[in-house]
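Fold and geometry: a report
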Amino acid sequence: MTEKSVKASEIKSDFKYKISKMHGGEKLMRCFQCGTCTSDCPVARFSDTYRPRQIIRMAQLGLKDRVLDSDTLWLCAACFTCTDRCPQDVEVASVIRVLRNLAAEEGHIPQVFKDQCASILESGYAYKIPELKLKKRESSGLPPLPKGNPDSLCKTLRSVDFLKHVERKVE
Ligand code: SF4
Ligand code: SF4
């Protein structure tokens, strides 16, 4: 996330209350910015921009658009190391999940995840397996890959209104 000065007009003072009312976000305001989550996060170790402590602070401050518009939010690997190590029991990984859900509701999902979702819904596989690879399997005497069955997943995602966020039509 970029470090920019904060303008008063950016601050949505009710944002922290909204998060605190959602399952997993209840302990957001307990964070005292010790930085343990960032120092132990395996993603932060390999990224110049991903800092869970910073995400939590921006959420506390009400910088809603900055947090929800940021692709960085989607780098979390949901390993829960931060949650296990937080001295304030903030459940950092769950707060990040809450923020992602809010971002998704507003249509902020990185294209790579939309494509992946569309592929799962179409074939049951996260990536479309190239025809050449399938032929190579066959010529090597390997059995065909099992057919994916995305129907039940499709039903669930339709019921939570998720499909409207995936641009490719999957019916
Ligand atoms: S470890 Fe917990 S208290 Fe420390 S910065 Fe992260 S969320 Fe805040
Ligand atoms: S759950 Fe996400 S933020 Fe927490 S340590 Fe793992 S990758 Fe980092």
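Here we come to the side chain of S70. As for its placement among the helices and strands, S70 is situated in the loop between α5 (64–69) and α6 (81–85). At a separation of 3.0 Å, a polar atom in the side chain of S70 contacts the side chain of T72.

A few words on the site of ligand 1. Around ligand 1, 13 residues are found, and the nearest of them are C31, C34, G35, C37 and C86. In this structure, ligand 1 is accommodated by the largest cavity. For the shell around ligand 1, the class distribution of residues is eight nonpolar, four polar and one charged.

Turning to helix α8 (residues 111–123), a few remarks are in order. Residues spaced three or four apart along an α-helix point in a common direction, a consequence of the helix completing one turn every 3.6 residues. Over its 13 residues, α8 extends 18 Å from the first C-alpha to the last, a length consistent with the 18 Å expected when each residue adds 1.5 Å. For α8, the complete set of buried residues consists of K114, C117, A118, S119 and L121. Lining the buried residues of α8 we find α10 (151–159).

Turning to the nonpolar core, a few remarks are in order. Side chains that are nonpolar tend, in soluble globular proteins, to be buried together. One finds I19, Y50, L73, V92 and L99 to be the most contacted residues of the largest nonpolar core, which totals 32 residues. Broken down by secondary-structure element, the contributors of at least two residues to this core are α1 (15–20), α3 (42–45), α4 (52–61), α5 and α7 (92–105). Among the elements that line this core, the one with the most residues is α7, at nine residues. Residues C117, L121, C154 and L163 belong to the second largest nonpolar core, which totals five residues.

This part takes up the site of ligand 2. Around ligand 2 sit 14 residues, and of these C41, Y50, C76, C79 and C82 come closest. Contributions of two or more residues to the shell around ligand 2 are made by α3, α6 and α7. Considering only residue class, the shell around ligand 2 consists of 13 nonpolar, one polar and no charged.

Another point: the environment of S119. Looking at the element boundaries, S119 is found in helix α8. A sequence separation of 63 residues divides S119 from I56, and the C-alpha atoms of the two residues are 32 Å apart. Ignoring any residue separated from it by four or fewer positions in sequence, one finds S119 in contact with G124, Y125, A126, Y127 and K128.

According to the domain assignment, the protein chain consists of domain 1 (9–105) and domain 2 (111–170). Distance between the C-alpha centres of domain 1 and domain 2: 30 Å.

Looking now at the layout of surface pockets. Quantified by volume, the largest pocket comes out at close to 560 Å³. Taken together, 24 residues form the lining of the largest pocket, with S123, Y125, K128, I129 and L134 sitting closest to its centre. Contributing elements (two or more residues each) for the lining of the largest pocket: α8 and α9 (131–139). Within the lining of the largest pocket, the residues separate by chemical class into 11 nonpolar, four polar and nine charged.

Next up on the list: the pattern of salt bridges. Across all of its chains, the model carries six salt bridges by this definition. Residue D89 pairs with R30 through a salt bridge whose shortest N-O separation is 4.0 Å. One end of the pair, D89, is in the loop between α6 and α7; the other, R30, is in the loop between α1 and α2 (36–40), with 59 residues separating them in the sequence. A salt bridge links D40 to R85, with the shortest nitrogen-to-oxygen separation between them at 3.4 Å.

Calculation rules
Residues numbered from 1 in each chain as written. Chains lettered and ligands numbered in written order. Predicted model: local features only at pLDDT ≥ 70, side-chain atom pairs only at ≥ 80, totals over all residues. Heavy atoms only, no water. Helix = DSSP H or I, 4+ residues; strand = E, 2+ residues; numbered from the N terminus. Polar contact = N/O pair within 3.5 Å; in protein donor to acceptor, adjacent residues only side chain to side chain. Near = heavy atom within 4 Å. 1 Å grid on protein atoms, 1.4 Å probe; cavity = no way out; pocket = protein on both sides within 12 Å on 5 of 7 lines; lining within 4 Å. Sits in = over half its atoms within 2 Å of the grid points. Nonpolar A, V, L, I, M, F, W, Y, C, P; charged D, E, K, R; others polar. Expected span 1.5 Å × (residues − 1). Buried < 20%, exposed > 50% of the residue type's maximum accessible area, 1.4 Å probe, protein only. Contact = heavy atoms within 4.5 Å. Core = buried A, V, L, I, M, F, W, Y, C linked by side-chain atoms within 4.5 Å. Domains from an automatic or database assignment. Points joined across faces, edges and corners; volume = space filled by probe spheres on them. Salt bridge = Lys/Arg side-chain N within 4 Å of Asp/Glu carboxyl O.

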